Amino acid sequence: MEIKNVTVIGAGIMGHGIAQVVAASGIPVVLNDISDEILQKGRAKIEASLERGIQKGKMDEAGKQAALERLTLDSSLENAVGQADLVVESASENLEIKKTIFQQLDQFCKPEAILATNTSQFSITEIASAVSTPERVVGMHWFNPPVTMKLIEIARGLATSDEVLETISGFARGLGKEIVVCKDSQGFISTRVLLALRLECYRLLEEGISTKEDIDKTLRLAFGHPMGQFELADFSGLDTELVACRAMADVFGDRFRPPQNLVQTVKAGRMGRKSGQGWFKY
Ligand SMILES: NC(=O)c1ccc[n+]([C@@H]2O[C@H](COP(=O)([O-])OP(=O)(O)OC[C@H]3O[C@@H](n4cnc5c(N)ncnc54)[C@H](O)[C@@H]3O)[C@@H](O)[C@H]2O)c1
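Residues numbered from 1 in each chain as written. Predicted model: local features only at pLDDT ≥ 70, side-chain atom pairs only at ≥ 80, totals over all residues. Heavy atoms only, no water.

Visitor: Report on the overall build of the protein chain, specifying residues and quantitative values.
Guide: A count of helical and extended segments in the protein chain gives 12 helices and eight strands. A compact globule built from 282 residues should have a C-alpha radius of gyration of about 19 Å, and the protein chain, at 19 Å, falls within 12% of that. Viewed in the frame of its principal axes, the protein chain has a C-alpha envelope of about 55 × 45 × 30 Å. Going through the 282 residues of the protein chain one by one, you find that 48% of them count as buried. Contacts in the protein chain between residues at least 24 apart in sequence constitute 67% of all its contacts with a sequence separation of at least 6. Here the protein chain contributes 32 positively and 37 negatively charged side chains, and the mean placements of these two sets differ by 5 Å. (Helix = DSSP H or I, 4+ residues; strand = E, 2+ residues; numbered from the N terminus. Rg over C-alpha atoms; globule rule 2.2 N^0.38 Å. Buried < 20%, exposed > 50% of the residue type's maximum accessible area, 1.4 Å probe, protein only. Contact = heavy atoms within 4.5 Å. Lys, Arg positive; Asp, Glu negative; His and termini not counted. Charge placed at Lys NZ, Arg CZ, Asp CG, Glu CD.)

Here it is in structure tokens:
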């Protein structure tokens, strides 16, 4: 199936970037969120990012305008998904929210539309259980920021069909991304590996072994990571990460149990860059 129209649900850290990648690749995209105000903010971020692309010589003004013209904002889910051949759900990392959205997609989407979720760790199979045709549900896990990160992790639910897996893989490659494929397992490849490393960094801090700055510096200078884990976690959002740790701990046990310093930081309202403060202040 050729994907000619895409809808992205959620205009937050990830959703607006995903919509930008799709629009810049020449495909019309509808961006949906719960309010027009959030959608306008998402559009402003896309515009600013396209502008940075011009400054870096990656695109010209005409390319920016064309990408923006391919972008439609719509806070009504029913209207937003009606024409979609592919829906990429990138709403908040909350299983109940995602299942409710997928129940609605089941009603509002064309029967042949592919329904993808950008969840970082929830079970694709469980999300697919909200839909009467689970074979069209697939994990399409992007990385932050979607515009620059090269990889998309494709996770296959228990019922995902070969055809859907093939179409979504081809679509991701067509956007200029590399793909990896894995079975549906909590946290897939990437979140499992990332959280194992990150939680060890938090424990080093909690045990008073070193400072955030020096732990991050170790990752950068000893291992060549572009960012340390404290800095990266602030970039991604600590609230989303805490949800992921708890869900991962439910499946894999104590090794993913969130350390108290993470729990406290989130309780204090410090969600990372998006709230102005996380492990560091912005
Ligand atoms: N932040 C990251 O680094 C990262 C990386 C990969 C994947 N993800 C995944 O992407 C998804 C989104 O994460 P984020 O970091 O962009 O979160 P975010 O908090 O920045 O944005 C979530 C957006 O979803 C919207 N939303 C909530 N309920 C909705 C609904 N019913 N309908 C439409 N929109 C709704 C919110 O208003 C918000 O704008 C999550 O599943 C997360 O696990 C995040």
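Visitor: Explain helix H3 (residues 61-69) residue by residue, including any values.
Guide: What H3 keeps buried is the set Lys-64, Ala-67 and Leu-68. Along the long axis of H3, the arc covered by the buried residues comes to 95 degrees, so they all point the same way. Facing away from the buried side of H3 by more than 90 degrees, the exposed set consists of Ala-62 and Glu-69. For H3, the elements touching its buried residues are helix H1 (15-24), helix H2 (36-55) and strand E3 (71-73). (Arc of directions from axis to C-beta.)

Visitor: With reference to specific residues and values, describe the site of the ligand.
Guide: As a matter of local geometry, the ligand sits amid 25 residues, with Met-14, Asp-33, Glu-93, Lys-98 and Ser-120 nearest to it. Glu-93 places a side-chain nitrogen or oxygen 2.5 Å from an oxygen atom of the ligand. Asn-118 is positioned such that a nitrogen or oxygen atom in its side chain is 3.0 Å from an oxygen atom of the ligand. When the ligand sits alone it has 840 Å² of accessible area, and the protein chains cover 86% of it. The element best represented in the shell around the ligand is helix H5 (residues 95-108), accounting for three residues. When grouped by side-chain class, the residues that make up the shell around the ligand number nine nonpolar, 12 polar and four charged. (Near = heavy atom within 4 Å. Polar contact = N/O pair within 3.5 Å; in protein donor to acceptor, adjacent residues only side chain to side chain. Areas by Shrake-Rupley, 256 points an atom, 1.4 Å probe, with all protein chains shown as cover. Nonpolar A, V, L, I, M, F, W, Y, C, P; charged D, E, K, R; others polar.)

Visitor: Give me the lowdown on the confidence of the model for the protein chain, citing residues and values where you can.
Guide: The pLDDT averaged across the protein chain works out to 97; a share of 100% of its residues lies at or above 70. Ranking the helices and strands of the protein chain by mean pLDDT puts strand E1 (residues 6-9) first, with 99, and helix H11 (residues 238-252) last, with 96. (pLDDT = per-residue confidence, 0-100.)

Visitor: Please provide a residue-by-residue account of the sheet that holds strand E2 (residues 29-32), values included.
Guide: Taken in spatial order, the eight strands of this open sheet run E3-E2-E1-E4-E5-E6-E7-E8, and their pairing is mixed. Because the sheet does not close on itself, it has two edges, and the strands there are E3 and strand E8 (178-183). If you compare each strand with its neighbour and ignore which way they point, the axes differ by 25 degrees on average. Examined bridge by bridge, E1 and strand E4 (residues 86-89) share four bridges and lie parallel to one another. Bridge pairing links Val-8 to Val-88 in E4. (Pairing = 2+ DSSP bridges. Axes fitted to C-alpha atoms, helices over the stretch in contact; angles between N-to-C directions.)

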